[in-house]
Amino acid sequence: MNIGENIDKIKKAIPADTRLVAVSKFHDNDQILEAYNSGHKIFGESRVQELIDKQPNLPKDIEWHFVGRLQRNKVQFVVPFINCIHSVDSARLLRRIEQQAARVDRVIPCLLQMHIAEEDSKTGFSEEECWEFLSSDEWREFKHIQLSGVMGMATFTEDESIVRKEFKNLSTFFTKVKEHFFADSPEFKEISMGMSSDYNIAVEEGSTIIRVGSNIFGERE
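Below is a summary of the structure that appears in this document.

This brings us to helix α7 (residues 160-181). Relative to the 32 Å expected for 22 residues at 1.5 Å per residue, α7 spans 31 Å between its end C-alpha atoms, a close match to the ideal helical length. Taken as a whole, α7 has its buried residues at V163, E166, F167, L170, S171, F173, F174, V177 and F181. The buried residues of α7 occupy one face: seen down the axis, they fall within an arc of 165°. For α7, the exposed residues set more than 90 degrees away from the buried face come down to E160, K165, E179 and H180. Looking at the buried residues of α7, the elements they touch are β5 (108-114), α6 (127-136), β6 (145-152), β7 (190-192) and α8 (199-204).

The structure is reproduced here in structure tokens:
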């Protein structure tokens with residue numbers, strides 16, 4: 001499997017302004033370097049320990065995105081270098097990121113993870129919870145967080161109509177939130193949705209960031 005060719009194939013299939021996060025969890029540094037040497041610099045990890053083991057030993061200009069569930073007691077380990085946290089699934093986690101980012105004097109771009117799937121195992125804000133949180137204006141006091149958009153994971157199913165509906169709903173909700181809370185904030189622009197099995201549908205429904213692992217690196221051995 002040629003990792004660089006896989007990346008090029010995906011990039012040719014998506015709009016030029018859609019960003020690709022190469023999800024490198026469970027894959028070793030040599031594979032990440034192969035992708036990096038092909039010209040790709042945006043990588044996603046979902047486990048804190050794995051990320052902090054990899055990050056010091058890889059090129060410093062890699063843009064690291066955290067795409068998995070982030071425990072509050074581990075935020076401190078990633079805030080010194082993380083470029084974006086996709087998986088902010090609660091107000092409590094956002095408060096913790098603000099606290100720890102202030103400690104290292106960084107502003108962390110964050111995406112609000114929405115629970116769009118039918119599966120209870122997936123986490124995230126409901127639309128009602130998210131709207132209530134944003135209406136509270138608490139987030140406006142955070143000086144070390146840049147709310148940059150929303151993220152969602154569709155139901156794991158072969159029924160494309162379900163996946164499309166969930167992505168469409170997320171895109172619609174993003175537009176409502178943008179107009180109501182972030183009309184004057186150009187930074188609030190991202191819709192992170194779509195993975196190896198469904199990124200084509202996600203892009204058609206407005207995704208600005210796709211998170212692809214197995215279609216780039218192959219399945220974990």
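Let's pick the thread back up.
Quick look at unusual backbone geometry now. Even without a glycine there, the phi angle at D105 is positive, about 55°. Mapping D105 onto the fold places it in the loop between α5 (91-103) and β5. Judged by its relative accessible area of 64%, D105 is exposed. One non-glycine residue, D137, lies in positive phi territory at about 65°. Here D137 shows up in the loop between α6 and β6. Judged by its relative accessible area of 35%, D137 is partly exposed.

Any two side chains of opposite charge can pair, on the condition that their charged atoms come close. Overall, the coordinates contain eleven salt bridges when judged by the stated rule. With a shortest N-O distance of 2.8 Å, R164 and E205 are connected by a salt bridge. Placement of R164 in helix α7 and of E205 in the loop between α8 and β8 (209-212) is noted, with a sequence separation of 41 residues between them.

Overall, the coordinates contain seven aromatic pairs when judged by the stated rule. Consider the rings of W139 and F182, whose centres lie 4.8 Å apart with planes at 35°: the pair is tilted. Of this pair, W139 sits in the loop between α6 and β6 while F182 sits in the loop between α7 and β7; the two residues are 43 residues apart in sequence, bridging distant segments of the chain. As far as the burial class goes, W139 and F182 line up, both buried. Ring centres of F182 and F188 lie 3.9 Å apart, and the angle between their planes is 0°; this geometry places the pair in the stacked category. For the pair F182 and F188, a shared accessibility class is recorded, and that class is buried.

A word on the pairing of β5. Burial within β5 is extensive, with six of its seven residues counted as buried. Pairing analysis gives two bridges linking strand β4 (residues 84-88) to β5, with the strands arranged parallel. Residue pairing in the sheet places I85 in a bridge with C110 of β5. Read from β4 through α5 to β5, the crossover connection turns out right-handed. Judged from the seven bridges that link them, β5 and β6 form a sheet pairing that is parallel. Within β6, the position partnered with L111 by the bridge is G149.

Thresholds, definitions, all that
Residues numbered from 1 in each chain as written. Predicted model: local features only at pLDDT ≥ 70, side-chain atom pairs only at ≥ 80, totals over all residues. Heavy atoms only, no water. Helix = DSSP H or I, 4+ residues; strand = E, 2+ residues; numbered from the N terminus. Expected span 1.5 Å × (residues − 1). Buried < 20%, exposed > 50% of the residue type's maximum accessible area, 1.4 Å probe, protein only. Arc of directions from axis to C-beta. Contact = heavy atoms within 4.5 Å. Salt bridge = Lys/Arg side-chain N within 4 Å of Asp/Glu carboxyl O. Phe/Tyr/Trp six-rings, centres within 6.5 Å; stacked < 30°, edge-to-face > 60°. Pairing = 2+ DSSP bridges. Right-handed = clockwise from strand over helix to strand, strands pointing away.

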